[in-house]
Amino acid sequence: MTSSLSTTKILSLEDLPSPALLINSVGVITDINSAIELITGYSRAELLQRTIEFLLPDDLKEQHIKYRNNYQKNLSELIPCRYVNLQTKTDICIQINVRIAHLDKSFLVIVNEHENVISNYNSPNLAVTHQIVKSLDEPYWEWDIIEDTFIYSEKLMDFLGYKNAVFTGNRDFWHKHFSAATLKEIYQQTEQYLHQSGDSLSITTEVTTKFGEKRWVQLEGKIIEFKENKPSRMIGFMKNVTEFKELISKLKKQNDYLMLAEKISNSGHWRYDFAEDNCFWSPEMYRIYGLNHNKFTPKLDKILAFQPLEEQKNYYKLIEKARKDLKGFYHKGMIIKPSGKKIKIEIMTEVEVDKQGKAVAIFGICRNITKVEDTLEKVKLLAMVNFCICVPTFFIDEQDNIVYQDISSHTEQENIGLFNYVNFSIVEYLAFKKQAKEQGQIKKNNISFDKFTSVFNISVTHEAQEGIYIWIVENVTEEFRKEQQQVISNRLALLGNTFGNVSHDINNVLGVALGAIEMLELKFSRGDQNISTYIDRVKNAIDKGKSVTERLLAFTRKPVVKVVDFDPINDIEKNQYLFKQLLLNTIKLRFNYNDTRCLIKFPQGEFINILLNLVLNAQDAIQENGLSGEIEISTNINDNNHLEIHVKDSGIGIEDENLPKIFDPFYSSKSINKGNGIGLANVFNTMYKHNGEIKVEGHCELGGAHFILIFKCDLEATQLAENKAKKSMGIDGKRILILDDEVSIGEFVALYLENHGAQTTCLSNKEELVEVLNSEQIFDIFLTDMIMPDLSGSEAVDMVKAKYPEIIIYSMSGYIAVEDRKWQYPVLRKPFNSKELAAFFECH
């Protein structure tokens, strides 16, 4: 290359056929072409702004800097070839020759192919070979084994995503396109081939193009020249086999899918060739028949021998008919495995025909349906039971397919699905399914998925062996609405009855308190010190007034079903007044606890409601006989250590034929206008929901019915609770801040706590609280009223916590509704006496 550059304008380095780069006057690389990237292994970004010495070995860098400083500034033509050792990115040194020319303020460096490569490539001895190779129009490469230099054809460079031009380089070029594992395999096979262990080199592998695209290629190589009896030159081809490789992969994948599908569906496929009289079986066929594929060769007569004799003849006829009519058939039958086990199978076939329309073979699918058939029999049996109880039932398999359903008695649409009947989401359906699979069976009563527009009782049972979920779904919307209406009606009736009695009790309380205070006033005026009796009367009157107000406030609260541990006997004792107020004066109520003490886990509010319901029913039964009678409530611990509560009456009792219906909704044996049958149904449902049990006997020793409530209980926990109640208040030496707008209450609390060793500060308003918080006083406990004229208990707590973050918070309130779930601190209910105040501090 000795042509003048002064007359040739180079538009871009990419226009040059050889690797080239530009450097400035201080040797910094300012531009390169893609061929430089190939020969060095570095990217454009890695080379730009580096000095030219970056590409030289360390021991030649200083020498080249001196040489570069003597470049001829007026050079306008390429200087003669100069040999240079170039160090690639993989630290391999290769010998190249370069030519340098001066262009304006830069120097153009062109890398030429090794002269030996050029001379050998153009050798007359190989001209015919090269001509033949080029005519094949395939990507090829040539390897000078002695010089370890490669020539890559235009087609190969284009295939790998480069410019369509011949490129000469070393083996580093392969590192850009093959993985390390692939190169290792190529080198190993090449070494074996060079040592004459084969006729040619042949490798199928994956190659990566310049743009990162993965392609499969077939590398073929053959030695074409020897020097001194050693291989000196090899030529090879790179054939694109990506499409073929992908096709093979797809076929293998499809075959794997077919095998998996057959295994999952418990089926296999087979083919019988009419002309050859032989059969092909898939692996699953051997498993269905219980045979070893290494020991059994499928032949038609051998296969049919596994069927009962009467079925063999029929099967021969089916095959001959299919061959004659060119139509497949469906057959369901039985085979007897070598083990003697009988299984049920179904067979579906199609006939293969040739171009002349003649039957050549029959292709079939065989499926083991033993489990399905057995399950279907069970489903039909369950469906017959369901038909008798008239509840919609759906039998759904693991794949969410409806195996069987029976809702004919509930809708005219026989093919309606579960999702059409129950308006729940797929997420809710899957949650039911998951719980049923984990627990075996789940039941949900009065459940709704649309804000109680419709209500259902749902039971889901998982039959693991059959892989079936049995959904029993009952729409109870109407019953639920009537039940809720009855609950409201019963509560209003109870409210009216209670308020009438409460007004009487309040007058009694006021009368007692007023009389006692007047006696105290009279005694005081006379100087009489014997006044303790009248003080006790005032206290008792206040306690009764507190009980009355709590009953009133209880009716203002929204009932919340909260399961807690409590003493049921203590609960009955506390509410005796409620039973007596609801009963006529002519009906005698007796309690007999038999020294029963235990704790039960049950909704405490529902517990008393259940007893009230049974007592009111007993009263109605007594009135069927007359106005007077008696009711007895007794308790005991049975042999299973369960608590039993017995409710007996002297009423008319229950006839034996009515006992099975006594807990049915809307069933009532009472006189007209005396009940609607909802009460006992509610009692039964509540007990059932909370793991309780209720039994009934038609007659007892008193003459009337005998109801028995059974609860699981904890006998040891009662003693622990009693021991806990005996502990001290634990406030000795504590600094307590008290806030209550009722000064008398605050002073009473402060005086009582001081008598037990506490140091107290009593406040009555916000102003006093702010003043204390601005002082240097320290407190351990803050006891505040919840409702005050100038601030709320919540605001007071925020102010105190800001000053004392670690302080303990207690509160007092005369209104039960403040016990909001968001309020996290203990509440002492007003009014309270000294005993209740002490118990509060002991418990907390």
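All of these numbers come straight from a predicted model, not from anything done at the bench.

(A) Here's a closer look at unusual backbone geometry. Despite not being glycine, Asp277 shows a phi value in the positive range, around 55°. Here Asp277 lies in the loop between strand S12 (267-273) and strand S13 (278-281). We classify Asp277 as partly exposed; its relative accessible area is 39%.

(B) Representation of the packing of helix H23 (residues 743-755) against helix H26 (residues 834-843). One way to put it is that H23 packs onto H26 with a least axis distance of 11 Å and a crossing angle of 65°. The two elements H23 and H26 cross, and the hand of that crossing is right-handed. Residues Phe748, Val749, Tyr752 and Leu753 of H23 lie in contact with H26, whose contacting residues are Ser834, Leu837, Ala838 and Phe841. Looking at the contact of H23 with H26 residue by residue, the classes come out as seven nonpolar, one polar and no charged.

(C) Main features of the pattern of salt bridges. Under the counting rule described, the total for this entry stands at 25 salt bridges. Two residues, Lys437 and Glu398, come together in a salt bridge whose shortest N-O distance is 3.9 Å. Of the two residues, Lys437 is situated in helix H15 (residues 426-439) and Glu398 in the loop between strand S17 (393-397) and strand S18 (402-406); the sequence distance between them amounts to 39 residues. Take Lys437: its relative accessible area is 49%, and that puts it in the partly exposed class. Overall, Glu398 belongs to the partly exposed group, its relative accessible area being 27%. Its salt-bridge partner being Asp400, residue Lys433 comes within 2.8 Å of it at the nearest N-O pair. Taken together, the residues span a long stretch of sequence, with Lys433 in helix H15 and Asp400 in the loop between S17 and S18 at a distance of 33 residues.

(D) Structural detail: H23. Look at H23: 18 Å from first C-alpha to last across 13 residues, which is about the 18 Å you get at 1.5 Å a residue. All buried positions along H23 are accounted for by Gly746, Val749, Ala750, Tyr752 and Leu753. Taken around the axis of H23, the buried residues stretch over an arc of 165°, which confines them to a single face. Facing away from the buried side of H23 by more than 90 degrees, the exposed set consists of Ser744, Glu747, Leu751 and Asn755. The inward-facing, buried residues of H23 contact strand S29 (735-739), strand S30 (759-763), strand S31 (781-785), strand S32 (808-813) and H26. Immediately downstream of H23, the backbone of Gly757 shows phi near 95°, a positive value.

(E) Layout of the side chain of Gln218. Counting through the fold element by element, Gln218 comes out in strand S10 (residues 214-227). If we ignore the near neighbours within four places in the chain, the residues touching Gln218 are Ser202, Ile203, Thr204, Phe237, Met238, Lys239 and Val241.

(F) Here's a closer look at the confidence of the model for the protein chain. For the protein chain, mean pLDDT is 79; residues scoring 70 or higher make up 77% of the total. In the predicted structure, residues 1-11 sits below a pLDDT of 50 and forms 15 contacts with residues beyond four places in sequence or in another chain. Across residues 113-133, confidence stays below pLDDT 50; counting only partners more than four residues off in sequence or on other chains, it has 33 contacts.

(G) Looking closely at the sheet that holds strand S33 (residues 827-829). Ordered in space as S30-S29-S31-S32-S33, the five strands form an open sheet in which the pairing is parallel. At either margin of the open sheet sits one strand with a lone partner, and together these are S30 and S33. Strand-to-strand twist in this sheet, taken as the mean axis angle between neighbours without regard to direction, amounts to 20°. With five bridges joining them, S29 and S30 adopt parallel strand pairing. Counterpart to Arg735 in the pairing with S30 is Gln759. In this fold helix H25 (residues 793-803) packs onto S29, S31 and S32, with an angle of close to 160° to the strand it touches most, S31.

Cut-offs applied
- Residues numbered from 1 in each chain as written.
- Predicted model: local features only at pLDDT ≥ 70, side-chain atom pairs only at ≥ 80, totals over all residues.
- Heavy atoms only, no water.
- Helix = DSSP H or I, 4+ residues; strand = E, 2+ residues; numbered from the N terminus.
- Buried < 20%, exposed > 50% of the residue type's maximum accessible area, 1.4 Å probe, protein only.
- Axes fitted to C-alpha atoms, helices over the stretch in contact; angles between N-to-C directions.
- Left-handed = near helix turned anticlockwise from the far one by under 90°.
- Contact = heavy atoms within 4.5 Å.
- Nonpolar A, V, L, I, M, F, W, Y, C, P; charged D, E, K, R; others polar.
- Salt bridge = Lys/Arg side-chain N within 4 Å of Asp/Glu carboxyl O.
- Expected span 1.5 Å × (residues − 1).
- Arc of directions from axis to C-beta.
- pLDDT = per-residue confidence, 0-100.
- Pairing = 2+ DSSP bridges.

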